[in-house]
Amino acid sequence: MGYPYSHPSEVSIISKHFGDPGARTLDGWMKNGGYDGLKKALSMSPGEVIEIVKNSGLRGRGGAGFPTGLKWSFMPKDSGKPHYLLCNADESEPGTFKDRELIRWTPHQLIEGCIIGAYAIGAEQVYIYCRGEFFEANQVLGKAVEDAYEAGILGENIFGSGSTIELTVHAGAGAYICGEETGLMNSLEGKRGEPRIKPPFPAAAGVFGLPTTINNVETLSAIPHIVREGSDWYRQWGTEKSPGTKLFCVSGHVERPGNYELPLGFPLRELIEDVCGGIKDKKNLKAVIPGGSSVPILSKEQVESCLLSYEGVQEAGSMLGCASVIVMDENTDIVHQVTRMASFYAHESCGQCTPCREGTAWVTNILKKMEAGQGKEEDLETLIELTDQMTGTTICVLSDSVAAPVQSSIEHFRGEYQKLLNNGGGHG
Ligand SMILES: Cc1cc2nc3c(=O)[nH]c(=O)nc-3n(C[C@H](O)[C@H](O)[C@H](O)COP(=O)(O)O)c2cc1C
Ligand code: SF4
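Residues numbered from 1 in each chain as written. Chains lettered and ligands numbered in written order. Predicted model: local features only at pLDDT ≥ 70, side-chain atom pairs only at ≥ 80, totals over all residues. Heavy atoms only, no water.

**With respect to the environment of Glu101**
Stated formally: Secondary structure elements are taken from DSSP: a helix is a run of H or I of four residues or more, a strand is a run of E of two residues or more, and numbering for both begins at the N terminus. Here, two residues are considered to be in contact whenever any of their heavy atoms come within 4.5 Å of each other.
Structurally, the position occupied by Glu101 is in helix 5 (residues 99-105). Distance from Glu101 to Gly19, taken between C-alpha atoms, is 9.4 Å for residues 82 residues apart in sequence. Other than its neighbours up to four places away in sequence, Glu101 contacts Tyr3, Phe18, Thr106 and Asn259.

In structure tokens form, the structure reads like this:
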């Protein structure tokens, strides 16, 4: 049994060495074919590397699912300016715990992906922005970077190729909003972690006002395998629109929560019932949040037919996001869960946009009032109206992240809100 357990349905590519201390070291990684992808990339032109990644269909694992090769191709050619690759290791979305594991167990897999990415977009400097609270991940990564420098894998003339790539690990200070790409750039520059208005997009003016590409840890960890084995190899898993494998972080009321690497398009029902051993204590399922706390909640009926690809989850009525699957059993108090999420977002709002700053606080206050038995009949309509005004009106989508669970919970579980209003709170 693997780490902490594995399932036969898993296709372990990026998570193959979870639980294997040997693969953490440079020697161990090399023994497992480590840095072969980098050697192959360096023997090709940057454009050829981008083509492989484009053809693989890899989509960004940070949440939006944007095609990685296409993103890389937006970087200017021969700009004459320094270019940057940023690796987003802030992993701030509630329910998500995959990036820290990728870093902890396979730091060289990530470093290799970063060097290949930097080479492809013409960047000589990589920053890995790593959540400060991930003490062990920061430590392991720091050591791995040191070892890579000593071995000539980072720095000048990598593997004698003539390419220079420097890599710096930067520890964040624990703000959710610093996971948003432009908030992260501001934070890296020493400013407040406030998202920027786009355009300009990072490929034109990113960190330090220079051409920048930003990718998630999981995205970059897949790169060495794709470059080494080829795009057709990667496409043997997943669907046409969502090729490859994905780490699913399953938490909540299941017998075996954890990280599972599965082909995209895997049925959600099977993930819960088979891979995770079913609902804890043989209870019934009530609802699932399939992509981290900022996506719409799926009802039990929607879960039945939901396939875990970007398009499949959308068809079911939600979003795959970063594939953080939060499972809730029949005893879950949905209104309380939504209140907790809303208060998290109210606390984390950076405050630049009125609909977000005021809206997240108002939504939280109304929900808390309802829970305390002081709700009014019109509160439900106010919540819907308020969250409508918070959608698509702000600099980043944190504001929309509150609207999604509120609106979907009212749609599927209106009865629970109504009961609170009828009973004067207390979930009677
Ligand atoms: C409020 C907010 C928080 C985010 N937090 C993270 C995060 O913690 N980690 C991450 O990789 N992406 C996060 N993202 C997405 C990033 O902005 C960005 O899309 C991503 O890093 C791009 O990488 P990818 O193309 O590899 O997915 C967040 C987005 C928003 C709006
Ligand atoms: S939506 Fe919220 S978190 Fe995002 S920039 Fe505006 S105020 Fe800040």
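**Re the site of ligand 1**
Put simply, the test is: Near residues are defined by distance, with any heavy atom within 4 Å of the molecule or strand qualifying the residue. The definition of a polar contact used here is a pair of N or O atoms within 3.5 Å, where within protein one atom must be able to donate a hydrogen and the other to accept one, and adjacent residues in sequence count solely through side-chain atom pairs. All accessibility values rest on the Shrake-Rupley procedure with a 1.4 Å probe; residue burial counts only the protein chains present in the view. Charged means Asp, Glu, Lys or Arg here, nonpolar means Ala, Val, Leu, Ile, Met, Phe, Trp, Tyr, Cys or Pro, and polar covers whatever is left, Gly included.
Near ligand 1, the surroundings consist of 18 residues, among which Gly62, Lys71, Ser92, Asn216 and Thr219 are the closest. At 3.0 Å from an oxygen atom of ligand 1 is found a side-chain nitrogen or oxygen belonging to Asn88. Contact distances for ligand 1 include 2.7 Å between an oxygen atom and a side-chain N or O atom of Thr219. If ligand 1 stood free it would expose 610 Å²; the protein chains cover 89% of that surface. The element contributing the most residues to the shell around ligand 1 is strand 4 (residues 212-216), with three residues. Partitioning the shell around ligand 1 into residue classes produces four nonpolar, eight polar and six charged.

**What to know about the domain arrangement of the protein**
Using the following cut-off: Either an automatic procedure or a domain database provided the assignment from which the domain bounds are taken. Joining two parts hides part of their accessible area as seen by a 1.4 Å probe, and the buried area is that hidden amount summed over both. What makes a salt bridge here is a side-chain nitrogen of Lys or Arg within 4 Å of a carboxyl oxygen of Asp or Glu, nothing more.
Per the domain assignment, the segments of the protein are domain 1 (21-235), domain 2 (245-329) and domain 3 (334-423). Look at where the C-alpha atoms of domain 1 and domain 2 centre, and you get two points 27 Å apart. Between domain 1 and domain 2, the contact holds 16 residues from the first and 18 residues from the second. Summed over both partners, the interface of domain 1 with domain 2 buries about 1300 Å², with 55% contributed by carbon and sulfur atoms. Considering only the side of domain 1, the residues that lose the most area to domain 2 are Arg61, Glu93 and Phe97, jointly responsible for 37% of the buried surface there. For the pair domain 1 and domain 2, the interface holds one salt bridge. Between Lys246 and Glu218 there is a salt bridge, with its nearest N and O atoms 2.5 Å apart. Summed over the shared surface of domain 1 and domain 2, the number is eleven residue pairs in polar contact (both at pLDDT 80 or more). Its residues assigned to classes, the side of domain 1 that touches domain 2 comprises four nonpolar, six polar and six charged.

**Let's talk about helix 14 (residues 334-348)**
Here is the rule: Helices are assigned an expected span. That span is 1.5 Å times one less than the residue count. Buried residues are those whose accessible area, probed at 1.4 Å on protein chains only, stays under 20% of the maximum for their type, while exposed residues exceed 50% and partly exposed ones sit between those limits.
For helix 14, built from 15 residues, the straight-helix expectation of 21 Å at 1.5 Å per residue is met to within 8% by its first-to-last C-alpha distance of 21 Å. Looking at helix 14, one finds that the buried residues are Ile334, Val335, Val338, Thr339, Met341, Ala342, Tyr345 and Glu348. If you follow the buried residues of helix 14, they end up packed against strand 8 (285-289), strand 11 (324-329), helix 15 (354-371) and helix 17 (398-423). Two or three places before Val335, at the start of helix 14, stands the capping residue Asp333, its side-chain oxygen 3.3 Å from that residue's backbone nitrogen.

**Side note on the sheet that holds strand 8**
As a reminder of what qualifies: Following DSSP output, two strands are said to pair if at least two bridges run between them.
Reading across the sheet, the five strands line up as 6-5-11-8-9 and stay open at both edges, with mixed pairing between neighbours. Every other strand in the sheet has two partners, leaving strand 6 (258-263) and strand 9 (298-299) as the edge strands with one partner each. Summarising the sheet, strand 8 and strand 11 pair through four bridges and their orientation is antiparallel. In the sheet register, Val288 faces strand 11, and the bridge partner there is Val327.

**Here we look at the layout of surface pockets**
As a reminder of what qualifies: Put plainly, a pocket is an open set of points on a 1 Å grid over the protein atoms alone with protein on both sides within 12 Å along at least five of seven lines, a cavity is a set where a 1.4 Å probe fits but cannot get out, and a lining residue has an atom within 4 Å of a point. Grid points are joined across faces, edges and corners, and a volume is the space filled by probe spheres set on the points.
Of the pockets and cavities examined, the second largest pocket occupies roughly 280 Å³. Every residue along the wall of the second largest pocket is listed here: Pro94, Ile289, Ser293, Ile326, Met328, Gln337, Arg340, Met341 and Phe344. Secondary structure elements with two or more residues in the lining of the second largest pocket: strand 11 and helix 14. For the lining of the second largest pocket, the element with the highest residue contribution is helix 14, accounting for four residues. Taken domain by domain, the makeup of the lining of the second largest pocket includes at least three residues from each of domain 2 (245-329) and domain 3 (334-423).

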